[in-house]
Amino acid sequence: MSVRIVAVSDTHGRHNSLKIPDGDILIHAGDITAYRTETNLMDFNEFLGCLPHAYKIVIAGNHDFGIESDPQGSAKILSNCIYLQDNGCEVYGIHFYGSPWQPWFLDLAFNLQRGEEIRAKWELIPENTHVLITHGPPYGQGDRTD
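Residues numbered from 1 in each chain as written. Predicted model: local features only at pLDDT ≥ 70, side-chain atom pairs only at ≥ 80, totals over all residues. Heavy atoms only, no water.

Caption draft 1: Representation of the sheet that holds strand E9 (residues 131–134) within the structure. Overall, mixed pairing links the three strands, which are arranged E5-E6-E9 in an open sheet. Two strands in the sheet have a free side with no partner beyond their single neighbour: strand E5 (87–91) and E9. Along the sheet, successive strands turn relative to each other by an average axial angle of 25°, direction set aside. In this sheet, strand E6 (residues 94–99) lies alongside E5 in antiparallel orientation, the contact comprising five bridges. Bridge pairing in E6 places Cys 89 opposite Phe 96. (Pairing = 2+ DSSP bridges. Helix = DSSP H or I, 4+ residues; strand = E, 2+ residues; numbered from the N terminus. Axes fitted to C-alpha atoms, helices over the stretch in contact; angles between N-to-C directions.)

Here it is, written out as structure tokens:
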């Protein structure tokens with residue numbers, strides 16, 4: 001069986017202007033909003049509900065302050081997707097794991113200090129993960145801002 005995965009991120013509230021390709025699974029890797037609001041999140045959820053993908057998997061990013069401040073409430077608003085924050089799901093036999101955390105940058109959302117603080121989050125990732133969804137880049141691949 002083949003599965004077509006479509007991945008996007010950093011839509012910053014402009015999701016309605018996108019032309020999302022068809023697929024089986026849509027992944028949104030964070031920065032849903034442009035800094036805040038529950039209204040933006042509700043609009044994004046409505047947008048997701050109109051897409052044809054059988055599954056939508058979403059994590060937050062460093063501009064998603066509203067999600068950081070109320071992850072459970074935000075997850076309830078995001079009813080048209082699987083919202084992952086330091087947890088995983090299995091779809092079509094594929095193990096996904098989502099983590100919004102990234103090394104500290106400009107005092108934005110979901111920032112942690114390099115070293116022990118962020119390592120504790122990475123150590124939560126299960127060994128059987130097939131697809132890791134993060135908002136930040138992999139270690140050593142454009143992950144420095146200095």
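Caption draft 2: Representation of helix H1 (residues 38–50) in the model. The terminal C-alpha atoms of H1 lie 19 Å apart, and with 13 residues this matches the ideal 18 Å at 1.5 Å per residue to within 8%. Where the residues of H1 are buried, they touch strand E2 (25–29), strand E3 (55–59), helix H2 (65–69) and helix H3 (71–77). (Expected span 1.5 Å × (residues − 1). Contact = heavy atoms within 4.5 Å.)

Caption draft 3: Examining the pairing of E6 more closely. Most of E6 is tucked away, with five of its six residues classed as buried. With four bridges joining them, E6 and E9 adopt parallel strand pairing. Bridging from a neighbouring strand, Gly 98 pairs with Ile 133 of E9. (Buried < 20%, exposed > 50% of the residue type's maximum accessible area, 1.4 Å probe, protein only.)

Caption draft 4: Main features of the nonpolar core. Counting 23 residues, the largest nonpolar core has Phe 44, Leu 48, Val 58, Ile 67, Tyr 83 and Phe 110 as its most contacted members. At the level of secondary structure, the elements contributing two or more residues to this core comprise H1 and H2. Of all the elements, H1 adds the most residues to this core, at four residues. Of all hydrophobic cores here, the second largest spans 11 residues; its members include Ile 25, Ile 59, Leu 84 and Cys 89. (Core = buried A, V, L, I, M, F, W, Y, C linked by side-chain atoms within 4.5 Å.)

Caption draft 5: Layout of the sheet that holds strand E1 (residues 5–8). Spatially, four strands are ordered E1-E2-E3-E4 in an open sheet, and the strand pairing comes out parallel. Each having just a single partner strand, E1 and strand E4 (82–83) make up the two edges of the open sheet.

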